[in-house]
Amino acid sequence: MLFSGATFLYYFLPLVLTVYFICPRGLKNPALLLFSLVFYAWGEPKYVLVMLFSIVSSWLLGFVIDKYRGAAPARAALATSVALGLGMLAVFKYADFFISNANGIFGADIPLLRLALPVGISFYTFQVLSYTVDLYRGQVRLQRSFVDYATYVALFPQLVAGPIVRYATVAKELESRKHTLMGFSSGVLRFATGLGKKVLLANVLGELCQIYRQGTENTVLFAWLYAVAYGLHIYFDFSGYSDMAIGLGRMFGFSFDENFNYPFISKSITEFWRRWHISLSSWFRDYVYIPLGGNRVSPGRQALNIAAVWLLTGLWHGAGWNFIVWGLYFGALLLVEKFALKGRKLPALPAHTITMLLVLISWILFDAPTLPVAIARIGRLAGVGTDGLAGSLSLYYLRSYAVPLICGIIGCTPLPATLAGRLAGRKQGLALVLEPAYVALLLIACTAYLIDGSFNPFIYFRF
Amino acid sequence: MKRQIATAAVFLMIIFGLLIANLVYIPPQFSIAERRRLTTLPDITKTNRDGSQSLNPNFAGEFETYALDSFVWRDGFRSIKARLLRNVFLQKDSNGIYIQNGSAAKIIVLNADSVAKTAQKLAKVMQLLPQSTNVYYSVIPDKGRYMGGGFPQPDYAQIEEIMAQNMAGAEYISLMDTLTAEAYYATDLHWRQERLEPVVKALLSGMGVEYSAPDYETNTLKPFYGVYYGQAALPLKADTMEYLTGDWLASVTARYLDSGSLKMLDGDIYHVSRFQGMDPYDVFLGGAQPLIALDNPDALTDRQLYIFRDSFSSSLAPLLCRYYSGITLIDLRYFSSAAVEMLVEFTEDADVLFLLGMQVVNDSALSMVQ
């Protein structure tokens, strides 16, 4: 089930809101858990068992970790939790990748497992590991209530496409949270904005990318149109979903951390990854990079740590060589910034331009089905292998998508939010009308687009 | 606080309001605007081959499709989207459909490989024909070619080149200069029968048949909302459909292949009752038919014509009946080559015309069954 679908918007959401707010406090978590399981099972009925196994095993292992903290049984329980979580990921997500590569290298004929990837496994596995590791470190307390713990892992707002919510973030809210009109309405505003980002910008720009992929015209202009459109498409798709998740969380009294902070205003790759998919990069920092020694080791070891983290980051995004190259690409850029540039900064405009160019190239790597296709698409940006600077199709689509592209470029800066904030602060009478009108218009417009369109899954749904 | 109340209230009113509206609304079975049957509520279980029941694995996706198809005021929402796209986001087309000077057309991007495959398939069919037949081919340009406005158009010169390379032995008859934007319906992809005399002249000239000025009677049907009307979801002025009759049609008989019995059964040239149906263009020769035989004992010649065709020929063929004592229309989208051999007997010295519209030529998967 997708947030940007009629089933969720006009059947599931009204029902869950009704039941949740009717339930007394003691039944709110069970109600959320039940609806979250229904949400997950709606599209993946048999794989809900995989998630339940992950929940039950990590919850039980938590008791061992808590009881024997600092001793061997706790370490064994933690190791078991990590092994189970990463093991499930390895089997469902990476097994066929490794098997097919082994077959290719050794000439073997090992049959592929052909297992479907349980939706959201990459997200909830990392959430479960954040609980057991933080519990081991003594940073969180044992969650004795299975219902509360299961609610945390399975919570439908962030279950299938993030953000990766650490247990520590919501531990208190699981047991005691406030439901205020301010919180609910801010959640509504955030949800509606995210829905608009997804349906009115991401999906529309995604159409342009799809037209390019059909190989209809091979010109430099079309290559650049695609690169810019794809970068904006993936940003609005993912950040839009995160906005919806955060907004839904607020409606139910939860405060999730921000997952995006205007990454396209970054002036370095380091800064970019502090602003993009913050929950993932901080997870890898806290659970991989720092345990490996972080930056408190020799420069050589630190470089290896960075390379390892980015190899894993690439792999997390997908079982494919283009994802591995994508991750290592960023690893290499970060190493250059850290060790070669050593904090030296260019003037803002060149720094921003170079950063955006490097990021655009990374998205081409990310989107390509194979490495040779990625290289060819990147080459076309410089005119390699093209049939000219521009053609009738690319000029037409530049004209046709000019407004969505401009809206996208402006929308990925803080400007709209800044203006809205000023308006709300200075013209409260006007904001009283404009804010609900904004929500209504977005809902109606998005509904219109959804009805006219077709099924529109999120990019990050495969993770 | 008032602002928060208003925001929350508006949101809840919309989602609950539309929930209730969708629960009480009884959706139609067909969408006239979209020319298709709308999805019904899917079954939660499915019957397996052994008769047992199991959960329908596609239920979630099918339910989402049903939820969208059965949404209250569906056509209104589609219209909102079309207006937003065109007037706010200033996009030039919606789902590939654009409007220029009150006429709707579809963006067609040339798929050279597909054109070549189509031509190769037609060339294979040519091998079934007796050596004595005169073989011709033509491509009906899409209306967009004549509409202007800077919308992308396929390269027709390249299409002609690809067809010529693959259809050696067949003579090409160009229709490029015989048509104008006004020769097509504003809301449909098809051409208007009453504007086809230049096309008739060009084809007859190419096939060596002498043209003579006709005496037509015009019959009007309205309003006609073509296939693009629903797809565009924008207010377009309805077309008027005209079909031509006259003395020359009086002795023409039509027979249609019955797919069940494989017998040719008598029928009408114009199926006026179909004007109220899902596709009003079916008025012409009953729409999608695999095999039609038109006979005219009072034709100006005793020549036979075989047209391998798509829907465009449905309105053209009655006009050619003046000149041919027998016209056989074969729609290869419903026929395999083997079926053609079995069901169609080609007479010696006949004219054979491969006549397909641009959209079919550009998509070899549409052009015929293997």
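Above: the structure in question.
Keep in mind that what you see is a predicted model, and the values were worked out from it rather than measured.

Draft legend 1. Fine view of the overall build of chain B. Across its full length, chain B holds 11 helices and 16 strands. Taken along the three principal axes of its C-alpha coordinates, chain B extends 85 × 55 × 40 Å. The buried share of chain B, reckoned over its 370 residues, is 54%. For chain B, contacts bridging at least 24 residues in sequence account for 72% of all contacts bridging at least 6. On chain B, roughly 16,600 Å² of surface is accessible, and the fraction owed to carbon and sulfur atoms is 51%. Distance between charge centres in chain B, computed from 31 positive and 41 negative side chains, equals 12 Å.

Draft legend 2. How the structure looks around the nonpolar core. Ranked by internal contacts, the top residues of the largest apolar core, which has 232 residues, are Phe8 of chain A together with Leu294 of chain B. It is helix 10 (residues 220-251) of chain A that provides the largest number of residues to this core, a total of 18 residues. Discounting chain neighbours no more than four positions away, the residues touching leucine 294 of chain B are Val252, Thr253, Ala254, Ile269, Leu285, Ala317, Cys321, Ser325, Gly326, Ile327 and Leu329 of chain B.

Draft legend 3. Focus on the packing of aromatic side chains. For the structure on display, the rule yields 87 aromatic pairs over all chains. A ring pair is formed by tryptophan 42 of chain A and phenylalanine 59 of chain B, whose centres lie 5.4 Å apart and whose planes are at 70 degrees; its orientation type is edge-to-face. Linking tryptophan 42 of chain A in helix 2 (residues 25-43) with phenylalanine 59 of chain B in helix 2 (residues 59-69), this pair reaches from one chain into another. Its relative accessible area of 24% is what places tryptophan 42 of chain A among the partly exposed residues. Relative to phenylalanine 330 of chain A, the ring of tyrosine 329 of chain A lies with its centre 5.5 Å away and its plane at 70 degrees, an arrangement referred to as edge-to-face. For tyrosine 329 of chain A, a relative accessible area of 17% corresponds to the buried category. Of note, lysine 28 of chain A hangs over the ring of tyrosine 20 of chain A, and the distance from its end group to the ring centre comes to 4.7 Å. The ring of tyrosine 449 of chain A carries lysine 81 of chain B above its face, with NZ or CZ at 5.3 Å from the centroid.

Draft legend 4. Just the packing of helix 3 (residues 48-67) of chain A against helix 6 (residues 146-154) of chain A, in detail. Residues and elements named next belong to chain A. Two elements in contact, helix 3 and helix 6, have axes whose closest approach is 10 Å; the angle formed by their N-to-C orientations is 130 degrees. If you check the angle between helix 3 and helix 6, you find them oblique. The hand of the helix 3/helix 6 crossing is right-handed. On the side of helix 3, the interface is formed by Met51, Ile55, Val56, Ser58 and Trp59, while helix 6 contributes Phe146, Tyr149, Ala150, Val153 and Ala154. The residue makeup of the contact of helix 3 with helix 6, split by class, is 9 nonpolar, 1 polar and no charged.

Draft legend 5. Fine view of helix 12 (residues 278-289) of chain A. Residues and elements named next belong to chain A. Summarising burial for helix 12: 9 of the 12 residues are buried, a large majority. Within the sequence span of helix 12, burial applies to Ser279, Leu280, Ser282, Trp283, Phe284, Asp286, Tyr287, Val288 and Tyr289. Check the buried side of helix 12 and you find it contacts helix 5 (121-136), helix 13 (299-317) and helix 14 (321-341).

Draft legend 6. Seen up close, a nonpolar patch on the surface. All names here are of chain A. Taken together, the side chains of Ile406, Ile410, Leu415 and Leu419 present a nonpolar region at the surface, about 360 Å² in accessible area. Secondary structure elements with two or more residues in the nonpolar patch: helix 18 (402-411) and helix 19 (415-426). Position of leucine 415 relative to the elements: it lies in helix 19. On the accessibility criterion, leucine 415 (46% relative accessible area) is partly exposed.

Draft legend 7. Seen up close, the side chain of serine 239 of chain A. Residue and element names in this part refer to chain A. Secondary-structure assignment places serine 239 in helix 10. There is a polar contact of 2.7 Å between the side chain of serine 239 and the backbone oxygen of tyrosine 235. For serine 239, the residues in contact, after removing those within four places along its chain, are Lys197 and Phe260.

Draft legend 8. Expanded view of the interface of chain A and chain B. Contact with chain A, which involves 48 residues of that partner, is made by 45 residues of chain B. Of the roughly 4,500 Å² buried where chain A meets chain B, counting both sides, 74% is carbon and sulfur surface. Among the residues chain A hides against chain B, the three largest losses belong to Tyr11, Ile451 and Asp452 of chain A. Together they make up 16% of the total. In this assembly, chain A and chain B are joined by 3 salt bridges. Between aspartate 452 of chain A and lysine 81 of chain B there is a salt bridge, with the nearest N and O atoms lying 2.9 Å from each other. Secondary structure elements with two or more residues in the side of chain A that touches chain B: helix 1 (6-22), helix 2, helix 9 (181-213), helix 17 (392-400), helix 18 and helix 20 (428-452) of chain A. When the residues that make up the side of chain A that touches chain B are grouped by side-chain class, the tally is 37 nonpolar, 8 polar and 3 charged.

Here is what the cut-offs are and how they apply
- Residues numbered from 1 in each chain as written.
- Chains lettered and ligands numbered in written order.
- Predicted model: local features only at pLDDT ≥ 70, side-chain atom pairs only at ≥ 80, totals over all residues.
- Heavy atoms only, no water.
- Helix = DSSP H or I, 4+ residues; strand = E, 2+ residues; numbered from the N terminus.
- Buried < 20%, exposed > 50% of the residue type's maximum accessible area, 1.4 Å probe, protein only.
- Contact = heavy atoms within 4.5 Å.
- Areas by Shrake-Rupley, 256 points an atom, 1.4 Å probe, with all protein chains shown as cover.
- Lys, Arg positive; Asp, Glu negative; His and termini not counted.
- Charge placed at Lys NZ, Arg CZ, Asp CG, Glu CD.
- Core = buried A, V, L, I, M, F, W, Y, C linked by side-chain atoms within 4.5 Å.
- Phe/Tyr/Trp six-rings, centres within 6.5 Å; stacked < 30°, edge-to-face > 60°.
- Lys NZ or Arg CZ within 6 Å of the ring centre and 35° of its normal.
- Axes fitted to C-alpha atoms, helices over the stretch in contact; angles between N-to-C directions.
- Parallel < 35°, antiparallel > 145°, perpendicular 65-115°, else oblique.
- Left-handed = near helix turned anticlockwise from the far one by under 90°.
- Nonpolar A, V, L, I, M, F, W, Y, C, P; charged D, E, K, R; others polar.
- Patch = residues over 30% accessible without salt bridge, like charges linked within 9 Å, V, L, I, M, F, W, Y side chains within 5 Å.
- Salt bridge = Lys/Arg side-chain N within 4 Å of Asp/Glu carboxyl O.
- Polar contact = N/O pair within 3.5 Å; in protein donor to acceptor, adjacent residues only side chain to side chain.
- Buried area = accessible area lost by both parts, 1.4 Å probe.

These figures capture arrangement, not role.
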